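# Coordinates in review
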2 protein chains.
Amino acid sequence: MSQRSSLDTDPYASRFSNSWKLASRQDPVVWDMDASGPLSRQQLLDFEARGYSAFPQLVSANRARSLLAEARHLQSSLDPHLDHVISEPTSQEIRSIFRVHEDNAYFAKVCRDESIVGIARQILGSEVYLHQSRINFKPAFQGKEFFWHSDFETWHMEDGMPRMRAVSISISLTENNEFNGPLMLVRGSHKSYVRCVGETPDEHFRSSLKKQEYGVPSREALHLLVEQGEIVAPKGGPGSAVMFDCNTMHASVGNLSPYPRTNLFLVFNSVDNPLEAPFGGTEPRPRFLSYRP
Amino acid sequence: MSQRSSLDTDPYASRFSNSWKLASRQDPVVWDMDASGPLSRQQLLDFEARGYSAFPQLVSANRARSLLAEARHLQSSLDPHLDHVISEPTSQEIRSIFRVHEDNAYFAKVCRDESIVGIARQILGSEVYLHQSRINFKPAFQGKEFFWHSDFETWHMEDGMPRMRAVSISISLTENNEFNGPLMLVRGSHKSYVRCVGETPDEHFRSSLKKQEYGVPSREALHLLVEQGEIVAPKGGPGSAVMFDCNTMHASVGNLSPYPRTNLFLVFNSVDNPLEAPFGGTEPRPRFLSYRP
């Protein structure tokens, strides 16, 4: 399939040239400032400006611990060769399990929890559905780093998500401290869109989930974004969470600490932003990566 | 040469068996609590208990900046293939330059600075000499991680350093913040000695300076040490410094930030602790790694 994304037809065209570009966002961040929901007006304004919100206790510590026990059960029982199960680049240890909202009643329940879904609905100003769900395991001592990227750039080019009208939430099921490779975000980076260089290879997802090498922002772009904003890494105990805009630049360093880091990662997309054919012209990615209701 | 280190002859025997052991330190940390010098008694007591001391401004910010300019000049002018110049595992970018106290007048001067040497002398309770000097460059975005290790375990087994009577100091020439892969230490770990598994391959230093795989503590040992103490990562601007005992467990994660991290790393050994033949029975390492006055 040929790349159908070009500057004159697609505001979020990317991976079509050998030089990167910084474009401005064409969509609101908060789609209805008067929408009711769990967040106060100030929290909505903060999210709009920063591109993320941190919640010290979005889920109770007890519930986080039982979710962790369930996650570990899945980690020890699932076949690491299944498509929707991803292992560390250098070992068989399971790094991510996708599609937990479909396969596991326990996680399905938390994915419908109004205290979580309600925030997504409020920010996106519409009904929402789960574009993707996964558990991320960052094992002690050897959890690998994940370089900077905007999820939207991939969801747009490889899943056909047309507009920036989705949010992700990372719910910590373990301690999330300075030393176990916490999620790092660039405050304010959601307002700029980095058109990346290069062209997407077929079946890019088979490698990108372990180490992303296409759709990766240039160093110069990152310098600019960090200069304009700053790097932040919200910390917290089991049950803390960070919600962030689909275009907020994020990464995480390796985990050399003895503290494994496990989180539940959910992506909510607006029902008014249904996926189309991938703008990069590649075959749509498997359903576990980009659910199409 | 056969391994000359065994439990009955060497209190710090290591790498002779397939199982790790945790032994207690056999030497003082502070060799003369009444020794005069730049540190107060309380600072000596803290160093004795923690195994490190952090100095917010050991060298003036201005001096740090001119040292940084000199370091960058060396980095851009030296041949990366020289033995005493080490590049990143995955690129030609220079990671470390050794022997700067011998090769460069600028660095030679700071290495004789009384405000630095005086602390080493005071802690070790004797005259000292420079066992090793180097500049570490952790480039922005791609500076690699360095796993946990005790320098003394290597200096004992591969350089023949008999006792734990040496200290290292890392002087930051750039910002040293949470995101550019700062030095992490395990508080109190200097009081235990981890006998590592495995046997030292010949010319181990050729790989260990990029990624150490022998003389590396087991995960169980690290768990124990962190449980007994905690991981700390002192931060600071140009001119800040951390001095730590030769046996304090330390590591650093990768640098994904746009902030390069450069430090001057000096190792002072007591003149009463001269190197002998390596206890691991290997050939002595090159002089730039372990200077023998």
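Treat the numbers as computed from the prediction; the structure is a model and nothing was measured.

### Re the overall build of chain A
The helix and strand tally for chain A stands at eight helices and 13 strands. The C-alpha atoms of chain A give a radius of gyration of 18 Å, which matches the 19 Å a tight globule of 293 residues would have. Summarising its shape, the C-alpha atoms of chain A cover approximately 50 × 45 × 40 Å along the three principal directions. Burial statistics for chain A: of 293 residues in total, 60% are counted as buried. Put simply, of all contacts in chain A between residues at least 6 apart along the chain, 85% involve residues at least 24 apart. For chain A, the computed accessible surface area is about 11400 Å², with 50% contributed by carbon and sulfur atoms. Within chain A, one finds 31 positive and 35 negative side-chain charges whose respective centroids are separated by 3 Å.

### Things to note about the interface of chain A and chain B
Of the residues lining the interface, 26 residues belong to chain A; the matching set on chain B comes to 26 residues. Summed over both sides, the interface of chain A with chain B buries roughly 2300 Å², with 68% coming from carbon and sulfur. When the area that chain A buries against chain B is broken down by residue, the three leading residues are F141(A), F179(A) and L256(A), summing to 32%. Along the contact surface separating chain A from chain B lie four salt bridges. The tally of links between chain A and chain B comes to six residue pairs in polar contact (both at pLDDT 80 or more). At the level of secondary structure, the elements contributing two or more residues to the side of chain A that touches chain B comprise strand 6 (146-149), helix 8 (219-228), strand 10 (231-232) and strand 12 (250-252) of chain A. Here the side of chain A that touches chain B gets four residues from one element, more than from any other, and that element is helix 8 of chain A. When its residues are assigned to classes, the side of chain A that touches chain B shows 16 nonpolar, five polar and five charged.

### A few points about the nonpolar core
Ranked by size, the top nonpolar core spans 40 residues in total, and within it W148(A), M184(A), W148(B) and M184(B) carry the most contacts. At the level of secondary structure, the elements contributing two or more residues to this core comprise strand 6, strand 8 (184-186) and helix 8 of chain A together with strand 6 (146-149), strand 8 (184-186) and helix 8 (219-228) of chain B. In this structure, M184(B) is in contact with F179(A), L256(A), W148(B), I231(B), V232(B), A233(B), M249(B), H250(B), A251(B), S252(B) and V253(B), ignoring residues within four places of it in sequence.

### Here we look at the sheet that holds strand 12 (residues 250-252) of chain B
Strand order in the open sheet made by the four strands is 6-12-8-10 (chain B), with antiparallel pairing throughout. What marks the edges here is a single partner per strand, and that holds for strand 6 and strand 10 (231-232) of chain B.

### Some words on the relation of the copies chain A and chain B
For the pair chain A and chain B, the superposition axis carries a translation of 0.0 Å, the fit reaches an RMSD of 0.0 Å, and the rotation angle comes to 180°. A rotation of that kind, with that shift, is consistent with a two-fold axis.

### Points about the side chain of T262(A)
Mapped onto the elements, T262(A) comes out in strand 13 (residues 261-270). Taking relative accessible area as the criterion, T262(A) reaches 3% and is therefore assigned buried.

### Section: helix 5 (residues 114-124) of chain B
All names here are of chain B. Across the eleven residues of helix 5, eight count as buried, placing the element largely inside the fold. All buried positions along helix 5 are accounted for by I116, V117, G118, I119, A120, Q122, I123 and L124. At the C-terminal side of helix 5, G125 shows a positive phi close to 60°.

### Brief notes about the pattern of salt bridges
Using the criterion set out here, one finds 32 salt bridges over all chains in the structure. A salt bridge links K144(A) to E145(B), with the shortest nitrogen-to-oxygen separation between them at 4.0 Å. In this pair, K144(A) sits in the loop between strand 5 (128-138) and strand 6 while E145(B) sits in the loop between strand 5 (128-138) and strand 6, so the two residues belong to two different chains. R165(B) is the salt-bridge partner of D272(B), the closest N and O atoms lying 3.9 Å from each other. With D272(B) in the segment after strand 13 (261-270) and R165(B) in the loop between helix 6 (151-159) and strand 7 (166-172), the pair connects residues that are 107 residues apart, well separated along the chain. Through salt bridges that share partners, R15(A), E153(A) and E158(A) make up one connected network.

### Side note on helix 2 (residues 61-77) of chain B
Relative to the 24 Å expected for 17 residues at 1.5 Å per residue, helix 2 of chain B spans 24 Å between its end C-alpha atoms, a close match to the ideal helical length. Contact partners of the buried residues in helix 2 of chain B: strand 4 (94-98), helix 3 (100-103), helix 4 (105-111), strand 5, strand 7 and strand 13 of chain B.

### Concerning the environment of P182(B)
All names here are of chain B. Assignment of secondary structure puts P182 in the loop between strand 7 and strand 8. For P182, a relative accessible area of 3% translates into the label buried. Each C-alpha atom, one on P182 and one on S252, is 5.9 Å from the other, the two residues being 70 residues apart in sequence.

### Points about the state of the cysteines
One covalent bond between the sulfur atoms of two cysteine residues makes up a disulfide. Evaluation of the coordinates by the stated rule reveals zero disulfides over all chains. C196(A) carries a free sulfur, and the closest cysteine sulfur to it, the one in C246(A), is 14 Å from it. With no disulfide partner, C111(B) has as its closest neighbouring cysteine sulfur the one in C246(B), 18 Å distant. Classification of C111(B) by relative accessible area gives buried; the value is 4%.

### Side note on the sheet that holds strand 11 (residues 241-245) of chain A
All names here are of chain A. Strand order in the open sheet formed by seven strands is 2-11-7-13-5-4-3, and the pairing between neighbours is antiparallel. Strands at the two margins of the open sheet, each flanked by one partner only, are strand 2 (52-55) and strand 3 (85-87). For this sheet, the mean inter-axis angle between neighbouring strands, taken without regard to orientation, is 15°. Bridge count for strand 7 (residues 166-172) against strand 13 is seven bridges, and the pairing is antiparallel. Residue S172 lies in a different strand from strand 13, and its bridge partner there is N263. Packing against the sheet, helix 1 (residues 41-50) makes contact with strand 2, strand 7 and strand 11, and its axis sits at approximately 130° to strand 2. Sitting on the sheet, helix 6 (residues 151-159) touches strand 5, strand 7, strand 11 and strand 13, and the angle it makes with strand 5 is about 120°.

### Overview of the environment of T174(B)
Residues and elements named next belong to chain B. Its place among the elements puts T174 in the loop between strand 7 and strand 8. According to the relative accessible area criterion, T174 is buried, its value standing at 7%. Once the C-alpha coordinates of T174 and L67 are considered, the two residues, 107 residues apart in sequence, prove to be 9.9 Å apart. Not counting residues up to four positions away in its chain, the partners in contact with T174 are L68, R72, G236, G237, P238, P260, R261 and T262. Among the polar contacts listed, one links the side chain of T174 to the backbone nitrogen of T262, at a separation of 2.9 Å.

Cut-offs used in this document
- Residues numbered from 1 in each chain as written.
- Chains lettered and ligands numbered in written order.
- Predicted model: local features only at pLDDT ≥ 70, side-chain atom pairs only at ≥ 80, totals over all residues.
- Heavy atoms only, no water.
- Helix = DSSP H or I, 4+ residues; strand = E, 2+ residues; numbered from the N terminus.
- Rg over C-alpha atoms; globule rule 2.2 N^0.38 Å.
- Buried < 20%, exposed > 50% of the residue type's maximum accessible area, 1.4 Å probe, protein only.
- Contact = heavy atoms within 4.5 Å.
- Areas by Shrake-Rupley, 256 points an atom, 1.4 Å probe, with all protein chains shown as cover.
- Lys, Arg positive; Asp, Glu negative; His and termini not counted.
- Charge placed at Lys NZ, Arg CZ, Asp CG, Glu CD.
- Buried area = accessible area lost by both parts, 1.4 Å probe.
- Salt bridge = Lys/Arg side-chain N within 4 Å of Asp/Glu carboxyl O.
- Polar contact = N/O pair within 3.5 Å; in protein donor to acceptor, adjacent residues only side chain to side chain.
- Nonpolar A, V, L, I, M, F, W, Y, C, P; charged D, E, K, R; others polar.
- Core = buried A, V, L, I, M, F, W, Y, C linked by side-chain atoms within 4.5 Å.
- Pairing = 2+ DSSP bridges.
- Least-squares fit on C-alpha atoms with pLDDT ≥ 70 in both.
- Expected span 1.5 Å × (residues − 1).
- Disulfide = S-S within 2.5 Å.
- Axes fitted to C-alpha atoms, helices over the stretch in contact; angles between N-to-C directions.

Honestly, that's just the spatial picture; any functional story needs more than this.
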